[in-house]
Structures are given as C-alpha cells and as structure tokens.
Amino acid sequence: MYIRDIPADSHAFEHFNREYERQHYCFTDANRRVGTATRELFVSWFPSFLSPAVRSIIHALLDDAVIDAFGFPRPSRFMRWLVPAALRLRALLVRFLPPRRRPRLRTEMRRPGYAAGYTIDQLGPPGIP
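Every value quoted in this text rests on a predicted model; they were computed, and no experiment measured them. (Residues numbered from 1 in each chain as written. Predicted model: local features only at pLDDT ≥ 70, side-chain atom pairs only at ≥ 80, totals over all residues. Heavy atoms only, no water.)

1. Regarding the overall build of the protein chain
- Regarding its fold elements, the protein chain presents five helices and zero strands.
- Each helix and strand of the protein chain, ordered N terminal to C terminal, gives the series α-α-α-α-α.
- Taking the contacts inside the protein chain whose residues are at least 6 apart along the sequence as the reference set, 33% of them involve residues at least 24 apart.
- A total of about 10900 Å² of accessible surface is found on the protein chain, and carbon and sulfur atoms cover 62% of it. (Helix = DSSP H or I, 4+ residues; strand = E, 2+ residues; numbered from the N terminus. Contact = heavy atoms within 4.5 Å. Areas by Shrake-Rupley, 256 points an atom, 1.4 Å probe, with all protein chains shown as cover.)

2. Topic: a nonpolar patch on the surface
- Together, Leu41, Phe42, Trp45, Phe46, Phe49 and Leu50 make up an exposed nonpolar region whose accessible area comes to about 620 Å².
- With relative accessibility at 46%, the residue Leu41 sits in the partly exposed group. (Patch = residues over 30% accessible without salt bridge, like charges linked within 9 Å, V, L, I, M, F, W, Y side chains within 5 Å. Salt bridge = Lys/Arg side-chain N within 4 Å of Asp/Glu carboxyl O. Buried < 20%, exposed > 50% of the residue type's maximum accessible area, 1.4 Å probe, protein only.)

3. Let's talk about the nonpolar core
- Judged by nonpolar contacts, Val43, Val54, Ile58, Leu62, Val66, Ile67 and Phe72 together constitute the single largest core of seven residues.
- Secondary-structure elements contributing two or more residues to this core are α3 (51-61) and α4 (64-70). (Core = buried A, V, L, I, M, F, W, Y, C linked by side-chain atoms within 4.5 Å.)

4. A word on the packing of α3 against helix α5 (residues 77-95)
- Relative orientation of the contacting elements α3 and α5 amounts to 95 degrees, with a least axis distance of 9 Å. Judged on the interaxial angle alone, α5 and α3 are roughly perpendicular. Contacts between α3 and α5 involve Ser56, Ile57, His59, Ala60 and Leu61 on the former and, on the latter, Met79, Arg80, Val83 and Leu87. (Axes fitted to C-alpha atoms, helices over the stretch in contact; angles between N-to-C directions. Parallel < 35°, antiparallel > 145°, perpendicular 65-115°, else oblique.)

5. Describing the layout of surface pockets
- Volume-wise, the largest pocket comes out at about 490 Å³.
- Taken together, 20 residues make up the lining of the largest pocket; nearest its centre are Phe46, Val54, Ile57, Ile58 and Leu61.
- If you list the elements that add at least two residues to the lining of the largest pocket, you get α2 (29-43), α3, α4 and α5.
- Broken down by element, the lining of the largest pocket gets its largest block of residues, five residues, from α3.
- Considered class by class, the residues forming the lining of the largest pocket number 16 nonpolar, two polar and two charged. (1 Å grid on protein atoms, 1.4 Å probe; cavity = no way out; pocket = protein on both sides within 12 Å on 5 of 7 lines; lining within 4 Å. Points joined across faces, edges and corners; volume = space filled by probe spheres on them. Nonpolar A, V, L, I, M, F, W, Y, C, P; charged D, E, K, R; others polar.)

6. Brief notes about the confidence of the model for the protein chain
- Mean pLDDT over the protein chain: 86, with 81% of residues reaching 70 or higher.
- Averaged over each element, pLDDT in the protein chain is lowest for helix α1 (residues 10-24) (89) and highest for α3 (97). (pLDDT = per-residue confidence, 0-100.)

7. Examining the packing of α2 against α3
- In contact at an axis separation of 10 Å, α2 and α3 are set at 125 degrees when each is read in the N-to-C sense. What the angle tells us is that α2 and α3 run oblique. Both α2 and α3 take part in a crossing whose hand is right-handed. Between α2, through Arg39, Glu40, Phe42 and Val43, and α3, the contact on the second element is made entirely by Ser51, Val54, Arg55, Ile58 and His59. (Left-handed = near helix turned anticlockwise from the far one by under 90°.)

8. Structural notes on α2
- Here α2 contains 15 residues, and its C-alpha end-to-end distance of 21 Å stays within 8% of the 21 Å for a straight helix at 1.5 Å per residue.
- By the burial criterion, the buried members of α2 are Gly35, Arg39 and Val43. An end-on view of α2 places all buried positions within 80 degrees of arc, on one side of the element.
- Considering only its buried residues, α2 is in contact with α3 and α4. (Expected span 1.5 Å × (residues − 1). Arc of directions from axis to C-beta.)

Structure follows, in structure tokens:
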C-alpha cells in the first residue's frame, strides 16, 4: 500500500491514522460501489426483513470519514450511542454463558456461496496461485 513512516506507539499510530484519513479519504463513485458491496455482503447474512436495521447498525459503527468516503448516510446520535451500548451489553451477558465445548468456526458456517464450507486459501478470484 506504500504507506510509509507508520509509528510503533499506539497513541502516535492513532494520530497518524487520523491525519492520513483527513488527507486521503474522499468520496468517489468507486468508493461508494466498494462500500455498498461490502455492506450488502454483511446485510445478506441476516433475514431480509432486518436489512434496514442492519444497514443502520453498520453505519453507526463506521467513523465519519469512512461514511463520507462511501457516501453513506450519517447515523443519528441515538444510533451512535445505542449500537456500542448494545454490543457492550452483549459482551457482559456472554461473559456469564458457559464456555463453548467446541469452537464455532466461520469457515464451517453455511453461506449461500460456500454451502459446503471453505478454507481461506480457496477464497479470491480464480487463477490466482
């Protein structure tokens, strides 16, 4: 990606990242297409009646710079508060669940395009070694 002079310290990296976004992120139609395709991939994992809510949740998780670069609508202040709060509540509740007896591997979950599962090396466009 040719990004140079990346700091090792986490605070300096955060500043570097914000400055990089400020200088380089901007809306283009190509960004909109990529952002929309990526968002819709996530949306497709849920029942269709939840699609509007899933889109709103995704928008609430994105930084303003990313929202602007993709041309997505800005979430309300309420959604910006609600989504992280709901995730924190879920984390709190999951803490009290018994540990899983076996892992839930994403590669073994059924997906329309990979009904029999997949391995990471099978992903990507065909013909790439």
